[in-house]
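Residue-level structural notes
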Amino acid sequence: MSPGRLQRVGTGLLTLTLLLAGCGTDDANQPVDVAGGVPVGAVLALTGNANVYGQDQKIGLELALQHRNGAGGINGRPLKLALEDSGSDEPGANAAFTLQINRGVLALVGPTLSQQAFSADPIAQRRGVPVVAPSNTATGIPEIGFFISRVSAQSSVIAPLAIERALKIQPGLKRAAVFYAQDDAYSTAETAIFQKALKEKGLDPVTVQRTQLNDQDFQNQISAALREKPDLIVLSLQAVDGGNLIRQLRELGYRGLIVAGNGMNTPNIYPICQTYCDGLLIAQAYSPELDTPANAAFLKAFKAANGGAIPPQLTAQAYAALQVIGEALVRLDKRQPLAGAPLAATRKQLMQEILAGTYATPLGEIRFTPEGEVIQSQFFVAQVRMDPGGRNGRFALLK
């Protein structure tokens, strides 16, 4: 295994090297321990329903870690990254955040889901630990507190772009049916944004169908929606339930356009809805076609590690999250050496450094508002194109 790669150990901790910092919580008196490298943690959903996202994100962290350490780490010291599995629920995220913080990490990447963030981020906020969220798009994430930021643009910025594109493809659209998972924070936040965008475009939803994250059979909701004769379907669902719903929509006869939100922004939907994924419209915060040096380097590294495959958005965002922390650590360490510095004070200084920076990432140039909201200028809309056989596909950028 090459230097900089994460690995699984028996406790369920994925880490470059096993963190041996104490488990005490007296952060104010604890010094920063850089004996084995500069410690940063990540908390991702590697098991449960959301593991399709966490696995994409893990690849992004591996690549960002390799890049940072290949470029000299943190002024000559390696960046040491510990990755903890949160599962796909809130208790798992809470436990993983607490475990990582107690180990003395300087910052955290994660968690994967907005639902988890609303539960776990307040723990980091109370403990004064910087968080850079790679995939939390729900409204209100940065507002949790000073130590919370995100590189994932909020749904209110991205989601309406897919509605606009649908109307360009089919200007006569009039009747929209909406589906969302009512037990998921991301889904409930995004569907409100979608419904507002629909109304602003003169497309009042003719029906709003509520589902649950663990649902597998959607026949009742689909049948009720199809009775209203929609010519557009809009989904705010995650990958597994969304993929199953799309497959069942097509099997039950719907042939119109489908717009999906960020929860389905992963190639892991392909084996779920298979050939029925074809034509799906989705707005994105990342495009592999973005022509910048940062994206070219990321694209090259991803293809080399993944047999020439194209990186998905979640991988690029996870890469960007760790990149932001790494670059901020380099600047902070140059100004004030990290070794032996007071942990609590250093964490606060690092958060200030994160917010003050401008970063050339695979997503394009990004920076942050004082509240930790990402500022990103380039967004995209893609349409899924499935390969013959329906097992693989790609997000084809629409121009």
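Here goes a summary of the coordinates provided. All values reported here derive from a predicted model rather than from experimental measurement.

Some remarks on the overall build of the chain
Within the chain one finds eleven helices and 17 strands. The C-alpha radius of gyration of the chain comes to 21 Å, within 12% of the 21 Å expected for a compact globule of 399 residues. Dimensions of the chain, computed from the C-alpha atoms along their principal axes, are close to 65 × 40 × 40 Å. Burial statistics for the chain: of 399 residues in total, 59% are counted as buried. Summing over all exposed atoms, the chain offers an accessible surface of approximately 15100 Å²; the carbon and sulfur share of this is 50%. Each charge class in the chain can be summarised by its mean position, and for the 35 positive and 33 negative side chains these summaries are 4 Å apart.

Brief notes about helix 6 (residues 219–226)
What sets the pattern is the α-helix's 3.6 residues per turn: residues three or four places apart point alike. Every buried residue belonging to helix 6 is among Gln-221, Ile-222, Ala-224 and Ala-225, and all of these are buried. The buried residues of helix 6 occupy an angular sector of 160° when projected down its axis, which confines them to one face. Taken together, the buried residues of helix 6 touch strand 8 (176–181), strand 9 (205–211) and helix 7 (239–251).

Some points on the sheet that holds strand 10 (residues 232–236)
Pairing in this open sheet of seven strands is mixed, and the strands run 9-8-10-11-12-16-17 from one edge to the other. The open sheet has two edge strands with one neighbour each: strand 9 and strand 17 (393–398). Strand-to-strand twist across the sheet, computed as the mean angle between neighbouring axes with direction ignored, equals 25°. As judged from the two bridges shared by strand 11 (residues 257–260) and strand 12 (residues 281–284), these two strands associate in the parallel manner. Residue pairing for strand 12: Ala-260 is matched across the bridge by Ile-282.

A few points about the state of the cysteines
Overall, the coordinates contain one disulfide when judged by the stated rule. The disulfide partner of Cys-273 is Cys-277, and the gap between their sulfur atoms is 1.9 Å. Judged by the torsion about the S-S bond (100°), the Cys-273/Cys-277 disulfide is right-handed. Of the residues examined, Cys-277 reaches a relative accessible area of 0% and is grouped as buried.

Section: the pairing of strand 4 (residues 79–85)
With seven of seven residues buried, strand 4 is to be regarded as a mostly interior element. Burial of the side chains of strand 4 extends over both faces: Leu-79, Leu-81, Leu-83 and Asp-85 are buried on one face and Lys-80, Ala-82 and Glu-84 on the other. Here strand 3 (residues 38–44) runs beside strand 4; their pairing, made up of seven bridges, is parallel. Following the sheet pairing, Val-38 is matched in strand 4 by Leu-79. At this point the chain moves from strand 3, through helix 1 (residues 51–70), to the parallel strand 4, and the crossover so formed is right-handed.

Comments concerning the side chain of Arg-165
On the secondary structure map, Arg-165 appears in helix 4 (residues 155–169). Despite being buried, Arg-165 has no salt bridge partner; Glu-164 is the closest side chain of opposite charge, sitting 8.0 Å away. In contact with Arg-165, other than residues within four places in its own chain, are Leu-281, Val-381, Leu-398 and Lys-399.

Thoughts on the sheet that holds strand 14 (residues 364–368)
Here we have three strands laid out as an open sheet, ordered 13-14-15, and antiparallel in their pairing. The open sheet has two edge strands with one neighbour each: strand 13 (358–361) and strand 15 (374–376). The sheet shows a mean angle of 30° between the axes of neighbouring strands, taken without regard to direction. Bridge count between strand 14 and strand 15: three bridges; the pairing is antiparallel. Bridging across to strand 15, Phe-368 finds its partner in Val-374. Taken strand by strand, helix 10 (residues 313–335) contacts strand 13 and strand 14, and its axis lies near 135° from that of strand 13.

Regarding empty space enclosed by the protein
Tallied over the full model, the rule gives three cavities of 30 Å³ or more. Of the volumes computed, that of the largest cavity is approximately 140 Å³. Every residue lining the largest cavity is listed: Tyr-53, Thr-112, Leu-113, Ser-114, Ser-135, Thr-137, Asp-184, Tyr-186, Gln-238, Asn-262, Gly-263 and Leu-314. Along the lines of polarity and charge, the residues of the lining of the largest cavity split into four nonpolar, seven polar and one charged. What the second largest cavity holds in volume is close to 60 Å³. Residue lining of the second largest cavity: Thr-137, Ala-153, Gln-154, Ser-155, Ile-158, Ala-159, Glu-190, Ala-260, Gly-261, Asn-262, Ile-282 and Ala-283, and that is the complete set. Contributing elements (two or more residues each) for the lining of the second largest cavity: helix 4 and strand 12. The dominant element in the lining of the second largest cavity, judged by the number of residues it contributes, is helix 4, at three residues. Grouping the amino acids of the lining of the second largest cavity by side-chain chemistry returns six nonpolar, five polar and one charged.

Cut-offs used in this document
- Residues numbered from 1 in each chain as written.
- Predicted model: local features only at pLDDT ≥ 70, side-chain atom pairs only at ≥ 80, totals over all residues.
- Heavy atoms only, no water.
- Helix = DSSP H or I, 4+ residues; strand = E, 2+ residues; numbered from the N terminus.
- Rg over C-alpha atoms; globule rule 2.2 N^0.38 Å.
- Buried < 20%, exposed > 50% of the residue type's maximum accessible area, 1.4 Å probe, protein only.
- Areas by Shrake-Rupley, 256 points an atom, 1.4 Å probe, with all protein chains shown as cover.
- Lys, Arg positive; Asp, Glu negative; His and termini not counted.
- Charge placed at Lys NZ, Arg CZ, Asp CG, Glu CD.
- Arc of directions from axis to C-beta.
- Contact = heavy atoms within 4.5 Å.
- Pairing = 2+ DSSP bridges.
- Axes fitted to C-alpha atoms, helices over the stretch in contact; angles between N-to-C directions.
- Disulfide = S-S within 2.5 Å.
- Right-handed = clockwise from strand over helix to strand, strands pointing away.
- Salt bridge = Lys/Arg side-chain N within 4 Å of Asp/Glu carboxyl O.
- 1 Å grid on protein atoms, 1.4 Å probe; cavity = no way out; pocket = protein on both sides within 12 Å on 5 of 7 lines; lining within 4 Å.
- Points joined across faces, edges and corners; volume = space filled by probe spheres on them.
- Nonpolar A, V, L, I, M, F, W, Y, C, P; charged D, E, K, R; others polar.

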